Amino acid sequence: MPIHTVLGPIDAADLGRTSMHEHLLSDLRIWAKTPTELPPEGVPMGPELMAYLRWNFLSIPENIVLHDPVVAGEELAHVVTAGGSGVVELTLDGMGRRLAELPEISRRSGVHVMVGAGFYVEPTMPDDVRTADVDTLTELLLTQLRDGIDGTGIRPALLGEIGTSYPVTDAEWRSLRAAARAGAETGATVYTHQSFRGMAGTEVLEVLVEEGMSPDRVIIGHLDEYWDQAYHRDIAQAGAVLAYDTFGSDFYYGGADLRNPTDAERLDMVEWLLSEGYGDQLVIAQDVWAQANLRRNGGRGYDHLFARIGPAIAKIAGDPAVADQILIHTPRRLLDRPTL
């Protein structure tokens, strides 16, 4: 069974250390916020703006647009130097997806790029998706899994990031049910986007399983943004995969009450999950989605996961094989699917 990349199928054994959730070209200005602190005048996007963005991440719309494929290729190339092999690009329609440009980015960088299919949160859905029934959405996803997306011939490696708000909307529930049905029929993994505002992951998992998904083919995303041990344990005990997938971001969204966890806090979560015996149910990523994440602008870059976080996990575990399970073997299992 192959893993589908933007350059065609590869054997699972050819995929090494992999980040399971990134964005290379995207436009997420739907999350922009009116600034409470005005940005400094005349300061272009770059390292000098980082102090402002660390506290006001969503206050400059330009920050949350990744628009340059040349820059994407140059930034991604650092992954190879750091020992990485692949990234899963989870930008969907309504998020600024530019699928046709990804093959050249993959060629230039030397990194395997895999993509998802499906629908993000309701505000990004076109009207025909927002109002469609589950059967219609399921057929659309099955077509993309079998034939490729939007005439590009690029076949998704999984379904995701399937968006949910908090609370989950009716349109998002239909999107989730469609993803589950398509995933159950084809063997494709479903990767969900969870809001940091609440604990919907357990109910989302129940619905996906109800529609036929095996829980070990479900990834509940962004759990590091809502740290609750009982919540995480419930998802792990149900058999799903947990994604701690915002490493490298420690930004504030306009105040001290809205912030990312730090990497130290995320590593504490990893250590706890390993102590619970669920190390083979964890994937990690950075969810790079902003200019402030890029190396050229003073961010940590796509390579941070491989250069620093992987070794830190190996040290915590006292065994490099644990990091390899998280970065190599679990991604291979989740991305490998039937040729259908």
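Placed above this text is the structure.
All figures in this text were calculated on a predicted structure; none of them were measured in a lab.

Here we take up the side chain of threonine 189. Looking at where threonine 189 falls in the secondary structure, it is placed in the loop between α6 (170–186) and β9 (190–193). Among the polar contacts listed, one links the side chain of threonine 189 to the backbone oxygen of leucine 334, at a separation of 2.7 Å. Other than its neighbours up to four places away in sequence, threonine 189 contacts Leu158, Leu159, Arg217, Ile219 and Leu334.

Below, the discussion takes up the nonpolar core. Counting residues in hydrophobic clusters, the biggest one holds 74 residues, and the most contacted among them are Leu76, Leu159, Tyr244 and Ile284. Among the elements that line this core, the one with the most residues is α6, at seven residues. For tyrosine 244, the residues in contact, after removing those within four places along its chain, are Leu223, Asp224, Trp227, His232, Met269, Val270, Trp272, Leu273, Leu282, Val283, Ile284 and Ala285. Core analysis: the next-biggest nonpolar cluster, separate from the first, contains 19 residues, Leu28, Met50, Tyr120 and Trp289 among them.

What the eight strands build is an open sheet, ordered β3-β6-β7-β8-β9-β10-β11-β14; its pairing is parallel. Each end of this open sheet is capped by a strand with a single partner; those strands are β3 (18–22) and β14 (282–284). Strand after strand, the sheet turns through a mean of 30° between neighbouring axes, direction not considered. Sheet analysis places strand β7 (residues 112–117) next to strand β8 (residues 158–163), joined by two bridges and oriented parallel. Counted as the bridge partner of alanine 117 is leucine 159 from β8.

Under the definition given, this model contains 23 salt bridges. For arginine 107, the salt bridge is made with glutamate 104, and the minimal N-O distance between the two is 3.4 Å. Taken together, the residues arginine 107 and glutamate 104, both in helix α3 (residues 102–109) and three residues apart, mark about one turn of the helix. The class of arginine 107 is exposed, set by a relative accessible area of 52%. Put simply, Asp135, Arg177, Arg181, Glu210 and Glu211 are held in one network by salt bridges that share partners.

Here is what the cut-offs are and how they apply
Residues numbered from 1 in each chain as written. Predicted model: local features only at pLDDT ≥ 70, side-chain atom pairs only at ≥ 80, totals over all residues. Heavy atoms only, no water. Helix = DSSP H or I, 4+ residues; strand = E, 2+ residues; numbered from the N terminus. Polar contact = N/O pair within 3.5 Å; in protein donor to acceptor, adjacent residues only side chain to side chain. Contact = heavy atoms within 4.5 Å. Core = buried A, V, L, I, M, F, W, Y, C linked by side-chain atoms within 4.5 Å. Buried < 20%, exposed > 50% of the residue type's maximum accessible area, 1.4 Å probe, protein only. Pairing = 2+ DSSP bridges. Axes fitted to C-alpha atoms, helices over the stretch in contact; angles between N-to-C directions. Salt bridge = Lys/Arg side-chain N within 4 Å of Asp/Glu carboxyl O.

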